[in-house]
Amino acid sequence: MESDDGRTGEMGNVDGGEGGVGMEMQGVLFRWGEMGVKVAFRSSDFPRHVIILGGLTDGLLPTGYTARLASSLAAIHWSLVQTQVSSSYFGYGAASLEQDAAEIDDLIAYIIKRYQGSDVVLVGHSTGCQDIVAYLRSPTSSHHSAVKAAILQAPTSDRECMEQQAREGGKETQAALEEMKWAAQAMIADGRGAEMMPRSADPLAPITAYRFHSLACTGGDDDIFSSDFTDDELREKLGHMAAWPCMVILSGEDQYVPKHIDKEMLLQRLCAAMGGASSALIGGADHSLSNKLEEAVPTITAFIKRL
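Residues numbered from 1 in each chain as written. Predicted model: local features only at pLDDT ≥ 70, side-chain atom pairs only at ≥ 80, totals over all residues. Heavy atoms only, no water.

When its secondary structure is counted, the chain shows nine helices and eight strands. What you see for the chain is a C-alpha radius of gyration of 18 Å, in line with the 19 Å of a compact globule of 307 residues. With the C-alpha coordinates aligned to their principal axes, the bounding extent of the chain is approximately 55 × 40 × 40 Å. Burial analysis of the chain (307 residues in total) assigns 57% to the buried set. Taken as a whole, the chain presents about 13000 Å² of accessible surface, with 51% of it coming from carbon and sulfur. Counting 25 positive and 42 negative side-chain charges, the chain places the averaged centre of each group 5 Å from the other. (Helix = DSSP H or I, 4+ residues; strand = E, 2+ residues; numbered from the N terminus. Rg over C-alpha atoms; globule rule 2.2 N^0.38 Å. Buried < 20%, exposed > 50% of the residue type's maximum accessible area, 1.4 Å probe, protein only. Areas by Shrake-Rupley, 256 points an atom, 1.4 Å probe, with all protein chains shown as cover. Lys, Arg positive; Asp, Glu negative; His and termini not counted. Charge placed at Lys NZ, Arg CZ, Asp CG, Glu CD.)

A few words on the pattern of salt bridges. All chains considered together, the criterion is met by twelve salt bridges. Here E295 and K292 are joined by a salt bridge, their closest N and O atoms 3.9 Å apart. Within the structure, one salt-bridge network assembled from shared partners comprises R159, E163, E178, K181, D223 and D228. (Salt bridge = Lys/Arg side-chain N within 4 Å of Asp/Glu carboxyl O.)

This brings us to empty space enclosed by the protein. Overall, the coordinates contain three cavities of 30 Å³ or more when judged by the stated rule. Put simply, the largest cavity is a space of about 160 Å³. Lining the largest cavity are 18 residues, with G54, G55, V85, S87 and D131 positioned closest to its centre. If you tally residues by element for the lining of the largest cavity, the top one is helix α3 (residues 127-137), at three residues. For the lining of the largest cavity, the per-class residue count stands at six nonpolar, eight polar and four charged. Its volume calculated, the second largest cavity comes out at about 40 Å³. Along the walls of the second largest cavity sit P155, T156, S157, E160, F225, Y256, V257, P258, I261 and L266, which together make up its complete lining. (1 Å grid on protein atoms, 1.4 Å probe; cavity = no way out; pocket = protein on both sides within 12 Å on 5 of 7 lines; lining within 4 Å. Points joined across faces, edges and corners; volume = space filled by probe spheres on them. Nonpolar A, V, L, I, M, F, W, Y, C, P; charged D, E, K, R; others polar.)

As for its placement among the helices and strands, Y115 is situated in helix α2 (residues 97-115). Residues Y115 and Q84 lie 31 residues apart in sequence; the distance between their C-alpha atoms is 18 Å.

Its identity is not glycine, yet Q116 carries a phi of approximately 50°, on the positive side. Position of Q116 among the secondary structure elements: in the loop between α2 and β5 (120-125). Judged by its relative accessible area of 57%, Q116 falls in the exposed class. Residue S126 is not a glycine yet carries a positive backbone phi of 60°. Relative to the helices and strands, S126 is located in the loop between β5 and α3.

One recurring pattern in soluble globular proteins: nonpolar side chains tend to sit buried together. If you look at the biggest cluster of nonpolar residues, it comprises 45 residues, and the most contacted ones within it are I51, I108 and L238. Only β3 (49-53), α2, β5, α3, β6 (147-153), α7 (231-238), β7 (246-251) and α8 (263-273) provide two or more residues apiece to this core. The leading source of residues in this core is α2, at seven residues. Other than its neighbours up to four places away in sequence, L238 contacts V133, R137, I224, F225, L270, A273 and M274. Of all hydrophobic cores here, the second largest spans 25 residues; its members include I76, W78, V121 and I282. (Core = buried A, V, L, I, M, F, W, Y, C linked by side-chain atoms within 4.5 Å. Contact = heavy atoms within 4.5 Å.)

Within strand β2 (residues 39-43), five of the five residues are buried, which leaves the element mostly enclosed by the surrounding structure. The pairing of strand β1 (residues 28-31) with β2 spans four bridges and is classified as antiparallel. Residue F30 lies in a different strand from β2, and its bridge partner there is A40. Of the strand pairs in this sheet, β2 and strand β4 (residues 79-83) are connected by four bridges, and their pairing is antiparallel. Residue F41 lies in a different strand from β4, and its bridge partner there is Q82. (Pairing = 2+ DSSP bridges.)

When you tally the buried positions in helix α6 (residues 209-216), you get six out of eight residues, the bulk of the element. Within α6, burial applies to A209, R211, F212, S214, L215 and A216. Of the surrounding elements, those touching the buried residues of α6 are α2, α3, α4 (158-169) and α5 (171-189).

Attention now goes to the packing of helix α1 (residues 66-75) against helix α9 (residues 293-305). For the pair α1 and α9, the least separation of the axes is 10 Å and the interaxial angle reads 35°. You can see that α1 and α9 cross each other, and the crossing is right-handed. Seen from α1, the contacting residues are R68, L69, S72 and L73; seen from α9, they are L293, E294, V297, I300, T301 and I304. (Axes fitted to C-alpha atoms, helices over the stretch in contact; angles between N-to-C directions. Left-handed = near helix turned anticlockwise from the far one by under 90°.)

Within β5, six of the six residues are buried, which leaves the element mostly enclosed by the surrounding structure. Of the two faces of β5, the one holding V120, L122 and G124 and the one holding V121, V123 and H125 are both buried throughout. In the sheet, β3 pairs with β5 via five bridges, with the strands oriented parallel. Pairing of V50 across the sheet is with V121, part of β5. Relative to β6, β5 is paired through six bridges, and the arrangement is parallel. Within β6, the position partnered with V121 by the bridge is A149. This β-α-β element, β5 to α3 to β6, shows right-handed connectivity. (Right-handed = clockwise from strand over helix to strand, strands pointing away.)

The following block contains the structure:
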């Protein structure tokens with residue numbers, strides 16, 4: 001796919017943190033977790049924490065609004081935590097939502113113990129929204145009670161995005177995508193889901209058959225927000241979110257949502273599937289809200305302030 005910095009051939013909703021060049025922040029960088037090198041950055045020193053989770057290829061400073069959000073949250077006595085997990089940057093191809101969910105639980109546990117953390121709000125950007133949905137559904141997570149709310153910013157369908165890009169690329173591109181879908185399904189059926197796909201499956205990062213299928217195929221684990229699901233299918237995927245106060249934020253000009261999709265209708269359907277979540281459609285905004293920072297940050301902060 002093509003992002004705002006001109007990269008092509010990338011997987012799913014990849015935006016490279018546009019709007020964040022030159023961003024600087026002050027706070028505490030810390031390591032957490034027992035497996036691998038996981039780091040997080042904490043702004044402010046309040047016991048209530050907002051954890052922001054980025055999308056594919058993101059890590060620290062995942063969005064252009066991250067620094068502004070930290071300042072805005074500090075004014076209402078919340079700390080912001082941004083983190084690097086195993087799937088960050090180019091690690092997404094060998095990761096899964098299940099793995100992300102386990103690491104989110106470990107991070108919350110660390111915050112509670114190290115910083116005497118109390119309330120936690122999860123903010124997801126792009127694929128980070130899938131992480132939140134998976135985490136709050138996971139039966140093995142031990143710290144759901146600490147989560148007081150969730151905000152899904154740009155919950156979009158990687159599958160629909162990839163299909164649209166393939167259509168724009170012509171018949172050869174469409175055929176190549178279908179061939180890769182078939183190859184992934186065949187490898188999974190053969191017990192080789194953890195093995196890597198051919199390099200052409202994702203020119204940006206090595207990717208397993210499982211993760212390719214998860215992102216690209218109907219019903220994959222990452223296929224949560226697609227507009228062609230029925231209302232019942234959306235409720236099956238998102239109904240558990242009704243247990244928490246939630247907000248869904250869509251961008252009016254999200255470059256990774258096919259133009260034929262009615263964003264306002266999709267927003268209404270997602271919120272209904274989540275049991276009546278709050279909603280915001282920011283007109284003219286791109287995927288990461290980089291061109292609408294003055295609307296994005298107050299929208300997120302106001303929801304959290306009401307908790």
